[in-house]
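Structural features, examined
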Amino acid sequence: MQLEIRPDPAEVGRARRWARSRLAGSGIGDEEPLAETLILLVSELVTNAVVHTGCPAVLRLSLPGGTAEPSTVRLEVADTSDRAPVPRCAGDEATGGRGLALVDGLADRWGWSVEGAGKRIWCELDRCAEPGGAEVGHGGAETCRGAVPAEPEPAYGGLAYEVV
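Residues numbered from 1 in each chain as written. Predicted model: local features only at pLDDT ≥ 70, side-chain atom pairs only at ≥ 80, totals over all residues. Heavy atoms only, no water.

Attention shifts here to the overall build of the protein. Scanning the protein for helices and strands turns up three helices and seven strands. Traced from its N-terminal end to its C-terminal end, the protein shows the element sequence β-α-α-β-β-α-β-β-β-β. In the protein, buried positions account for 43% of the 164 residues. Carbon and sulfur atoms make up 52% of the accessible area of the protein, which amounts to about 8,900 Å² in all. (Helix = DSSP H or I, 4+ residues; strand = E, 2+ residues; numbered from the N terminus. Buried < 20%, exposed > 50% of the residue type's maximum accessible area, 1.4 Å probe, protein only. Areas by Shrake-Rupley, 256 points an atom, 1.4 Å probe, with all protein chains shown as cover.)

Below, the structure is given as structure tokens:
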């Protein structure tokens, strides 16, 4: 499922509402921590596309089909800008510049790739079979018990970023 995004900051709220409306049919309840994390990631990636590229974008969600089995939720934002995502080290007083560090801290995996004349930024969250059956893994994200967490690729060329 996908949503076309106009290069307008008001689209961020519309993208959050759209994503939240898709969760119910997938078996992900509003009370699950995964739901709030997913909505936050939608907000960050759509904001980056809208604010930093000035181009239309497409938001895609791949959600599990109403099952309680362990699964992966994938979020993608594709835009037509050839500008690579650039992480920033935001100062203590800065009101922005932490989006990609937040994505790195919350997602189980994330990355980006060139797509045609633009790019696609993606992230994935692992969903456990039962609420409460999770452990904290990379970046504070939950991983399913018994699962081997994926080794994170070094983000930002090995530089460390702290979300405060």
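Taken as a whole and assessed by the stated rule, the structure comprises 12 salt bridges. Of the charged contacts in the structure, one is a salt bridge between Arg109 and Asp126, with a shortest N-O distance of 2.6 Å. With Arg109 in strand 4 (residues 109–115) and Asp126 in strand 5 (residues 118–127), the pair connects residues that are 17 residues apart, well separated along the chain. Salt bridges sharing common partners tie together Arg74, Glu76, Arg109, Glu115, Arg120, Glu124 and Asp126. (Salt bridge = Lys/Arg side-chain N within 4 Å of Asp/Glu carboxyl O.)

Let us look at the side chain of Ser71. Note on placement: Ser71 falls in strand 3 (residues 71–79). We classify Ser71 as buried; its relative accessible area is 17%. Discounting chain neighbours no more than four positions away, the residues touching Ser71 are Pro64, Leu125, Asp126 and Arg127. (Contact = heavy atoms within 4.5 Å.)

This next bit is on the nonpolar core. Counting residues in hydrophobic clusters, the biggest one holds 32 residues, and the most contacted among them are Ile5, Leu38, Val46, Leu59, Leu75 and Cys123. Looking at this core, the elements that each hand over two or more residues are strand 1 (2–5), helix 1 (11–26), helix 2 (33–53), strand 2 (57–62), strand 3, helix 3 (99–106) and strand 5. With 10 residues, the single largest contributor to this core is helix 2. Apart from residues no more than four positions distant in its own chain, Leu38 is found in contact with Leu23, Leu61, Leu63, Val73, Leu75 and Leu125. (Core = buried A, V, L, I, M, F, W, Y, C linked by side-chain atoms within 4.5 Å.)

With that settled, consider the pairing of strand 4. Judged from the seven bridges that link them, strand 4 and strand 5 form a sheet pairing that is antiparallel. Following the sheet pairing, Glu115 is matched in strand 5 by Gly118. Remark: two residues form the turn of the hairpin made by strand 4 and strand 5, two consecutive strands paired antiparallel; Gly116 in that turn has positive phi of roughly 60°. (Pairing = 2+ DSSP bridges.)

Turning next to helix 3. Counting buried positions over the eight residues of helix 3 gives seven, a clear majority of the element. Looking only at helix 3, the buried set comprises Gly99, Leu100, Ala101, Leu102, Val103, Asp104 and Gly105. On its buried side, helix 3 packs onto helix 2, strand 4 and strand 5.

Glancing now at the environment of Glu32. Note on placement: Glu32 falls in the loop between helix 1 and helix 2. Judged by its relative accessible area of 15%, Glu32 is buried. Along the primary structure Glu32 and Arg127 are separated by 95 residues, whereas in three dimensions their C-alpha atoms are 9.7 Å apart. Those residues within four positions of Glu32 in sequence are excluded, and the remaining contacts are Gly27 and Arg127.

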